[in-house]
Amino acid sequence: MDKGKHQTGRFSTSPRHTGTLPAFTLPRRTFLQVLGSGILITVTDPLALTQLAGATLPVAARIHLNEDGTITAMSGKVEEGQGPRAELSQAAAEELRVPVSQVRLIMADTDVVPDDGITAGSRTTPRNVPEMRQAAATARELLTQLAAAQWKIDVRTLEVSDGRIRNPANGQVMTYVDLAKSKDLAKRFAENTQSDVAVAPVAEWKVLGQSVRRPNSRDLVTGGHRFPSDIVRPDMLYGMVLRAPSYGTTLASIDLSAAEAMEDVVVVRDGQFVGFAAPSTHWAEQALEAAAKTASWRTEPQPVSNSTLHAHLKEHANTERARTDVKGSVERGFSEGNQVVSATYTLAYIQHAPMEPRAAVAEWSGEKLTVWAGCDNPFRARRTLAEEFSIDTEQVRVIIPDMGGGFGGKHTVEAGLEAARMAKRAGRPVWVRWTREEEFTWAYFRPAAVIECKGGLRTDGSLTAWEFTNINAGGSAIETPYEIPNTRIASVSSDSPLRQGSYRCLGATGNNFARESFMDELATAAGSNPLDFRMAHLKNERLRVVLKAATDRFDWSERRKHITPELGVGLACGTEKNSVVAACVSVEINRNRGKIRVLEVCEAFECGPILNPGNLTSQVQGCIIMGLGGALTEEIQFENGKILNPGFSRYRVPRFKDVPKIDVHLINNPDIPAAGAGETPIIAVAPAIGNAIFAATGAHIRSMPIRGDLLKKS
Amino acid sequence: MDVTVRLNVNGVDKTITTDPQRKLLDVIREEFRLTGTKYGCGEGQCGACLVLVNGEPLRSCLSPITVADGKSIMTIEGLARGDSLHAVQEAFLEEEAMQCGYCTSGMILSAVALLRENPNPTDEEIAAGMNGHICRCNGYVKVMNAIRHAANTLRSESHG
């Protein structure tokens, strides 16, 4: 939300004409298929749409008025369960002044929607919601201008509500349906980019700010929704791919004759790629197994295992190319203090393990390729596919049906590439869905890390210096929110033995764990307590507010007095992606069995004005419970390049019985722009748990996952 | 050697001749084109593939098609009566008990079976009964709310 846009009247300025920009167009055939009746625009250049972005987009790229008065809105974003479908529909409905049920949102179809980039980094709320609102507000303005022109009166005298334009002077009404058939309107939508017409101020929101349910949720309870792995095309084959037995292994030879002799099986060999497509997954698997047992593999030694991982990362830290941010002089700071404390924290590789593994269907029609895939980066996927098959980008259409989870783990389109390779050879559409074991082995992991912390304290308990180095997990939330005069903060890359990539809040999970755990160690060294010590170093008002809210609701100060070796309470806070979070937890510790159980989590979260309280609550609850996994149980084990726990039986994720009592406190802050909320609520969970265990037992908790077995009484 | 299996799926009689080792999940999805039943793990750990066989929950990813011979299978597509949703489906909608929704089919069918066995479960009993289902969006709190909600609806229906 941009505050500056709230103040002026409803019709402040005219939409800007696109001028010399190419006339905006959509491929007509596709458009008719997708939208049915409505505004139609002739085809001249299908690429015009995707070469434009943001404010340079014509209104028609985002908003279509259908002849029945319903509205089609378009976004390049992907729905993977975190709520953009509801949020973007709300954004369009709010500014068009229609009920949200009148908006149908098309997402992530590269032939139809604008390129809104990757769905990641909590960017949909701060960037794409405002863009949708501005486009919808402009559309409303164009509609109103058209009505004014027909009535030959001043546009500023008209009122718009519920999809109706009204002349208050005579009570005359024109509906969007009346205007939908106007050829003039189609032209105006196509020729005008979004204007800076005012959007609705927070205080006047009717649709935004409400708990709007995900628009296609009924299809999710009836089994009617088609996830990427549910796509079926006529004559489709099911594909499986031969995988190497471990990292660092390449295929030396394979005898494909048995598989090739199987009825209806298409075998594709292309260098290291060997795929099998058949009329059923079962038959494809039989073909794969027949071939796999003849394979011989060339193996490069893979000396790093999860037990030597952190030493390896440290040894290979690329310190010469560290990204370092220095304030003041830490050397001076440490010498000014009377106490120096240091600690090293470690982070394991973990998997996103979305419920739906990577999946895609690929279909060739001549040189034109269509791929339905579970991937959060549709336009990048399109470029990747075009490059792979040496065809023009506009020959590739990528469609991302609302998919079964991602959490930063589906930036890439492997299954789409594999399906397209097999489909090209088979001359038929091919489906690929990774097995859970493939997903646990060959998808990328959240980076493991070594994080080194050093702090200097004065006798008065204030921090004089702060040194913080993250090896391998990146710089997300690496800056300290605390006021410390001398800091040196560095993010250092290293040599990752496994494939690694993004995650929910990425490096922030590790950086905040290390920082917040270390803050408790420092508070103890300073003779203070975790809350007072933080508050004494905290000026960030938003962070202070959530920290106070969480500790008040949890009754933290009182409950801290009743800590026993079996029952700890702890807190942590943090900020990232322009939102703030604080959590208090209570934890039961069974030192005889080495077991830790989280009993309660009270979390306060603020991300600006709340767009959809129901969905925001889901995101915060989901982050809290997902955070329990990374804190307590999730860890990829590997040796000799082989993943040792590639399944839910050996890689423990949170389940119903692990769910603690959860109290989510959402703080609405209407005075700033809205920030995303799908990530930051995860970052306070692990350190709060570690701090509760530290408070109860005195044991320093310095790893994620926290090793309960190390607390065991010997 | 293929076998012929006769079964009833969502009230419709079906006959399938296929490899006896083929999984019930794959037949439901690939032959009957009922894609509401999901693959999640292939080792009976996550419950995404759960269907009701003669009313009893079964993980279809581990079960060869032959276990369904002569049986009645209910998948998520067979739960609603026309446009009228089952109370558990309604409750999942009302409580917004899904994020990505991929685990939802199995969860709903499991909850239907759970509430048939135990119409008035405690929270502990719900958690124990649902513990074989994984939701990676970690929407467990709202799923618990939905099952409580459905239990209330079903009890008031049976008393009404």
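Residues numbered from 1 in each chain as written. Chains lettered and ligands numbered in written order. Predicted model: local features only at pLDDT ≥ 70, side-chain atom pairs only at ≥ 80, totals over all residues. Heavy atoms only, no water.

Things to note about the overall build of chain A
When helices and strands are tallied, chain A shows 20 helices and 27 strands. In summary, chain A has a C-alpha radius of gyration of 28 Å against a globular reference of 27 Å for 714 residues, a match within 12%. If you line up chain A on its principal axes, its C-alpha atoms span 85 × 75 × 45 Å. Looking at the 714 residues of chain A, the share that counts as buried comes to 62%. Sequence-distant contacts, at least 24 apart, represent 77% of the contacts inside chain A between residues at least 6 apart. Counting every atom, chain A has about 26,300 Å² of accessible surface; 47% of that belongs to carbon and sulfur. When the 82 basic and 81 acidic side-chain charges of chain A are each reduced to a single mean position, those positions are 2 Å apart. (Helix = DSSP H or I, 4+ residues; strand = E, 2+ residues; numbered from the N terminus. Rg over C-alpha atoms; globule rule 2.2 N^0.38 Å. Buried < 20%, exposed > 50% of the residue type's maximum accessible area, 1.4 Å probe, protein only. Contact = heavy atoms within 4.5 Å. Areas by Shrake-Rupley, 256 points an atom, 1.4 Å probe, with all protein chains shown as cover. Lys, Arg positive; Asp, Glu negative; His and termini not counted. Charge placed at Lys NZ, Arg CZ, Asp CG, Glu CD.)

Here's the deal with the sheet that holds strand 5 (residues 72-74) of chain B
The strands that make up a sheet pair up through hydrogen bonds in the backbone, lying either parallel or antiparallel. Residue and element names in this part refer to chain B. In spatial order, the strands read 2-1-5-3-4; together these five strands make up an open sheet with mixed pairing. In the strand order of this sheet, the two ends are held by strand 2 (12-18) and strand 4 (56-59), each with one partner. Ignoring strand direction, the axes of neighbouring strands in this sheet form an average angle of 40 degrees. Sheet analysis places strand 1 (residues 3-9) next to strand 5, joined by two bridges and oriented parallel. Note on strand 5: the bridge partner recorded for N8 is S72. Running at roughly 110 degrees to strand 2, helix 1 (residues 24-31) makes contact with strand 2, strand 3 (50-53), strand 4 and strand 5 of the sheet. Most of the contacts of helix 3 (residues 104-117) go to strand 3, to which it runs at about 35 degrees, and overall it touches strand 3, strand 4 and strand 5. (Pairing = 2+ DSSP bridges. Axes fitted to C-alpha atoms, helices over the stretch in contact; angles between N-to-C directions.)

Some details on the interface of chain B and chain A
Each side of the interface is counted separately: chain B has 52 residues, and chain A has 58 residues. Interface of chain B and chain A: buried area, both sides summed, is about 4,600 Å²; carbon and sulfur atoms make up 55% of it. The partner of B:R136 in a salt bridge is A:E634, with the nearest N and O atoms 3.7 Å apart. Between the two partners, chain B and chain A, sit 28 residue pairs in polar contact (both at pLDDT 80 or more). With five residues, helix 5 (residues 140-159) of chain B is the largest single contributor of residues to the side of chain B that touches chain A. (Buried area = accessible area lost by both parts, 1.4 Å probe. Salt bridge = Lys/Arg side-chain N within 4 Å of Asp/Glu carboxyl O. Polar contact = N/O pair within 3.5 Å; in protein donor to acceptor, adjacent residues only side chain to side chain.)

Side note on the packing of aromatic side chains
Residue and element names in this part refer to chain A. Per the stated rule, a full pass over the model turns up 12 aromatic pairs over all chains. Between Y349 and F638 the ring centres are 5.8 Å apart and the planes differ by 65 degrees, which places this aromatic pair in the edge-to-face class. Placement of the pair is Y349 in the loop between strand 13 (339-347) and strand 14 (359-365) and F638 in strand 24 (residues 638-639), with a sequence separation of 289 residues. Since its relative accessible area comes to 1%, F638 is described here as buried. Here the aromatic residues Y349, F445 and F638 are joined through ring pairs into a cluster of three or more. Stacked on the ring of F468, the Lys or Arg R515 has its end atom at 5.9 Å from the ring centre. (Phe/Tyr/Trp six-rings, centres within 6.5 Å; stacked < 30°, edge-to-face > 60°. Lys NZ or Arg CZ within 6 Å of the ring centre and 35° of its normal.)

A word on the sheet that holds strand 21 (residues 567-576) of chain A
All names here are of chain A. Read from one edge to the other, the open sheet built from four strands follows the order 21-22-23-26, with strand pairing classed as mixed. Only two strands of the sheet have a single neighbouring strand rather than two, namely strand 21 and strand 26 (661-667). Averaged over all pairs of adjacent strands, the angle between their axes in this sheet comes to 15 degrees, without regard to strand direction. Lying over the sheet, helix 17 (residues 541-554) contacts strand 21, strand 22 (579-590), strand 23 (595-606) and strand 26, oriented at roughly 35 degrees with respect to strand 22.

A look at unusual backbone geometry
All names here are of chain A. The peptide bond linking M704 to P705 adopts the cis configuration, its omega dihedral lying at 0 degrees. Of note, P705 is situated in the segment after strand 27 (703-704). Not every positive phi belongs to a glycine, and S122 is a case in point at roughly 55 degrees. Tracing the backbone through its elements, the reader meets S122 in the loop between strand 3 (103-107) and helix 4 (124-151). Although it is not a glycine, K152 adopts a positive phi angle of roughly 55 degrees.

Observations regarding the environment of A:V160
Residue and element names in this part refer to chain A. Counting through the fold element by element, V160 comes out in strand 4 (residues 159-161). For V160, a relative accessible area of 6% translates into the label buried. Separated by 152 residues in sequence, V160 and H312 place their C-alpha atoms 64 Å apart.

Looking at the nonpolar core
Counting 156 residues, the largest nonpolar core has A:I689 and B:F92 as the members making the most contacts within it. Once residues lying within four places of it in the same chain are set aside, the contact partners of A:I689 are A:V585, A:V587, A:V598, A:L628, A:A631, A:L632 and A:I706. (Core = buried A, V, L, I, M, F, W, Y, C linked by side-chain atoms within 4.5 Å.)

Digging into the pattern of salt bridges
Close approach of charged atoms allows side chains of opposite charge to pair. Residue and element names in this part refer to chain A. This model, assessed by the stated rule, comprises 49 salt bridges over all chains. The closest approach of N and O atoms between E521 and R702, which form a salt bridge, is 2.6 Å. Remark: R702 occurs in the loop between helix 20 (685-697) and strand 27 and E521 occurs in helix 15 (residues 508-525); sequence separation between them is 181 residues. Among the residues examined, R702 registers a relative accessible area of 28% and is labelled partly exposed. The salt bridge partner of D552 is K548, with a shortest N-O separation of 2.6 Å.

Some remarks on the confidence of the model for chain A
Summing up the model confidence of chain A, the mean pLDDT is 92 and the portion of residues at 70 or higher is 92%. In the predicted structure, residues 1-51 of chain A sits below a pLDDT of 50 and forms 134 contacts with residues beyond four places in sequence or in another chain. (pLDDT = per-residue confidence, 0-100.)

Re the domain arrangement of chain B
All names here are of chain B. Under the domain assignment used here, chain B contains domain 1 (3-78) and domain 2 (87-159). Inter-centroid distance (C-alpha atoms) of domain 1 to domain 2 is 22 Å. Contacts between the two partners involve 16 residues from domain 1 and, on the opposite side, 13 residues from domain 2. Taken over both partners, the interface formed by domain 1 and domain 2 buries close to 1,200 Å², and the fraction arising from carbon and sulfur atoms is 60%. Joining domain 1 to domain 2, the criterion identifies zero salt bridges. Counting across the interface, domain 1 meets domain 2 through six residue pairs in polar contact (both at pLDDT 80 or more). Ranked by residue count, the leading element in the side of domain 1 that touches domain 2 is strand 3, at three residues. (Domains from an automatic or database assignment.)

Some words on the domain arrangement of chain A
Quite often, the size of an interface is put as the accessible area lost when its parts meet. Residue and element names in this part refer to chain A. In terms of domains, chain A is made up of domain 1 (3-206), domain 2 (228-294 + 358-433) and domain 3 (309-349 + 445-711). Every contact between the two is made by 25 residues of domain 1 and, on the other side, 20 residues of domain 2. Both faces considered, domain 1 and domain 2 share a buried interface measuring about 1,700 Å² in area, 51% of it formed by carbon and sulfur atoms. Its largest share of buried area at the contact with domain 2, domain 1 owes to E80, T110 and I118, together 34% of the area lost on that side. On inspection of domain 1 and its partner domain 2, the count reaches four salt bridges. Remark: the boundary between domain 1 and domain 2 carries eight residue pairs in polar contact (both at pLDDT 80 or more). Taken together, the residues of the side of domain 1 that touches domain 2 break down into 10 nonpolar, eight polar and seven charged. (Nonpolar A, V, L, I, M, F, W, Y, C, P; charged D, E, K, R; others polar.)

Some points on the pairing of strand 23 of chain A
All names here are of chain A. Among the 12 residues of strand 23, nine are classified as buried, and the element is accordingly described as predominantly covered. Inspection of the sheet shows strand 22 paired to strand 23 by 11 bridges, in the antiparallel sense. Opposite C584, over in strand 23, you have C602 as the bridge partner. Between strand 22 and strand 23, which pair antiparallel in sequence order, lie four residues; one of them, G594, sits at a positive phi of approximately 65 degrees. By the bridge criterion, seven bridges tie strand 23 to strand 26 in an arrangement that is parallel. Within strand 26, the position partnered with E600 by the bridge is K661.

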